[in-house]
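Chain and residue survey
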Amino acid sequence: MRDTFLYTVRAILPILMLILLGSVLRRVGPWSQDFYKQLNQLCFRVFLPVQLFCNVYAIADLAAMNWYMIGYLFCGILATMMLGVLMARLLVRDRRQKGVVVQASFRSNQAILGLPLANSLGGEAAMGFASLTTSVTVPLFNFLAVVVLALYSSDQDRRPTARDVLRKVLHNPLFMSTMLGLAVVIVRQFLPVVDGQPIFTIRNQLPSVYDTLTRMSGVASPVMLVVLGTRLDLNAAGALLPQLSLGVVLRLIVAPVLLIGVALLFRGPLGITTVEVPSLVTISSTPVAVSSVVMVQELGGDDQLAGQIVVWTTILSVATIFCIVYLLRFFGFL
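Our subject in this report is the structure included herewith.

It is worth spelling out a nonpolar patch on the surface at this point. On the surface, a nonpolar cluster with roughly 410 Å² of combined accessible area is contributed by Val-194, Ile-199, Phe-200, Leu-206 and Val-209. Structurally, Phe-200 is set in the loop between strand E2 (197–198) and helix H8 (202–205).

Below, the structure is given as structure tokens:
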């Protein structure tokens with residue numbers, strides 16, 4: 001348990017340090033807020049889509065998925081979202097904040113924190129399954145986030161039609177990149193195989209292109225975290241405390257209890273083993289994804305609240321993940 005706790009701290013501490021760096025740069029750096037806003041947009045439209053494409057492209061074999069588990073995760077994420085919608089409707093008044101709270105209820109940091117944490121909890125097999133689930137959860141997270149934030153968007157005086165929402169979803173760079181990645185993976189499954197490898201892959205046949213995409217992918221998360229720090233105002237936490245508390249509780253307590261609890265009750269039919277349990281932890285218990293702030297900003301939500309939720313779920317997740325892992329190991333599920 002000590003090793004797991006220390007690993008969790010090591011996984012989260014660099015994120016906190018990058019956010020702190022951004023906060024310091026805002027105070028001592030010569031750059032304006034317009035510069036940081038443009039940098040945010042660059043990440044959203046270029047670096048983040050490349051990162052998501054690379055994550056999905058890394059999936060080796062779609063046939064290796066535990067589809068019962070994948071189906072459960074799909075339904076579980078939808079359930080947590082619906083619970084978030086209910087709580088936001090009952091407890092949040094500001095329209096721009098409703099979508100942010102709902103997004104916090106279901107959108108985890110699977111890509112940045114989830115995969116290495118799964119490896120720490122279950123080794124290479126658990127890491128492999130977590131990578132497979134990412135190809136489903138990342139598109140789903142982005143699709144649901146665009147739908148929710150579009151419905152509560154501040155730039156619309158009327159309730160958006162299904163066509164309005166669909167257009168925003170299809171034009172969203174993050175959604176488009178994950179769908180492109182899945183399309184490439186599916187096509188790769190049907191290519192002839194020579195010496196155990198498809199006759200054409202980007203990595204083997206276009207190594208320079210693959211290396212460029214990989215390097216661009218590595219830029220996204222650090223830059224976004226630094227930019228998040230430049231826009232972070234910890235003094236705003238007091239004014240946003242009710243909405244912030246709701247978002248934190250939904251992400252770090254309600255989602256894990258719901259997703260992990262129900263899954264373990266039906267672990268037999270779902271075929272859950274120690275290989276799949278780490279993915280349950282990472283999808284349900286990791287903090288809100290950093291990219292959620294960029295998306296909120298792009299779609300007219302309360303990005304100050306979104307930033308606060310990312311920071312506080314990141315800080316507090318060290319304790320909540322430790323407790324969840326301890327209980328799962330105590331009862332023999334890990």
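So, next bit.
Moving on: the packing of aromatic side chains. Any aromatic ring pair is given by two values, namely how distant the centres are and how the planes are angled relative to each other. On inspection of all chains with the given rule, the structure shows eight aromatic pairs. Judged by centre distance (6.1 Å) and plane angle (25°), the ring pair of Trp-31 and Phe-35 falls under stacked. We classify Trp-31 as partly exposed; its relative accessible area is 43%. Considering the side-chain rings of Phe-322 and Tyr-326, the 6.5 Å spacing of their centres and the 25° angle between planes classify their relative orientation as stacked. In this pair, Phe-322 and Tyr-326 are both assigned in helix H15 (residues 303–330), four residues apart and thus about one turn of the helix distant. Residue Tyr-326 is classed as partly exposed on the basis of its relative accessible area, which comes to 41%.

This part is about the side chain of Ser-23. The residue Ser-23 is located in helix H1 (residues 2–28) in this model. Discounting chain neighbours no more than four positions away, the residues touching Ser-23 are Gly-229 and Thr-230.

Core analysis: the largest hydrophobic core is formed by 74 residues, its most contacted members being Phe-106, Leu-280, Val-281 and Met-295. Among the elements that make up this core, the one with the highest residue count is helix H5 (residues 110–151) (12 residues). Once residues within four sequence positions are removed from consideration, Phe-106 is found in contact with Ile-77, Thr-80, Met-81, Phe-141, Leu-144, Ala-145, Val-148 and Arg-251. Membership of the second largest hydrophobic core comes to six residues, among which are Phe-53, Cys-54, Tyr-57 and Leu-213.

Conventions and cut-offs
Along every chain, residues carry numbers that run from 1 in the direction the sequence is written. Totals for whole chains, interfaces and linings use every residue, but because this is a predicted model, local features are given only for residues with pLDDT of at least 70 and side-chain atom pairs only at 80 or more, for both listing and counting. By convention in this description, side-chain values take in all heavy atoms of the structure and omit both hydrogens and water. The patches reported here contain residues having more than 30% relative accessible area and no salt bridge. Joining distances are 9 Å for like charges and 5 Å for nonpolar side chains (Val, Leu, Ile, Met, Phe, Trp, Tyr). The Shrake-Rupley method, run with a 1.4 Å probe, gives the accessible areas here. Residue values count only the displayed protein chains as cover. Throughout this description, the term salt bridge denotes a Lys or Arg side-chain nitrogen within 4 Å of a carboxyl oxygen of Asp or Glu. Secondary structure elements are defined from DSSP: runs of H or I of at least 4 residues count as helices, runs of E of at least 2 residues count as strands, and each element is numbered from the N terminus. Here the aromatic set is Phe, Tyr and Trp, taking the six-membered ring for Trp, and pairing holds for ring centres within 6.5 Å; pairs whose planes are under 30 degrees apart are stacked, those over 60 apart are edge-to-face, and all others are tilted. Exposure is judged per residue with a 1.4 Å probe applied to protein chains only, and the accessible area is read against the type maximum: over 50% gives exposed, under 20% gives buried, and values in between give partly exposed. The contact criterion used throughout is that any non-hydrogen atoms of two residues lie within 4.5 Å. Definition used in this section: a nonpolar core is a set of buried Ala, Val, Leu, Ile, Met, Phe, Trp, Tyr and Cys residues joined via side-chain atoms within 4.5 Å.

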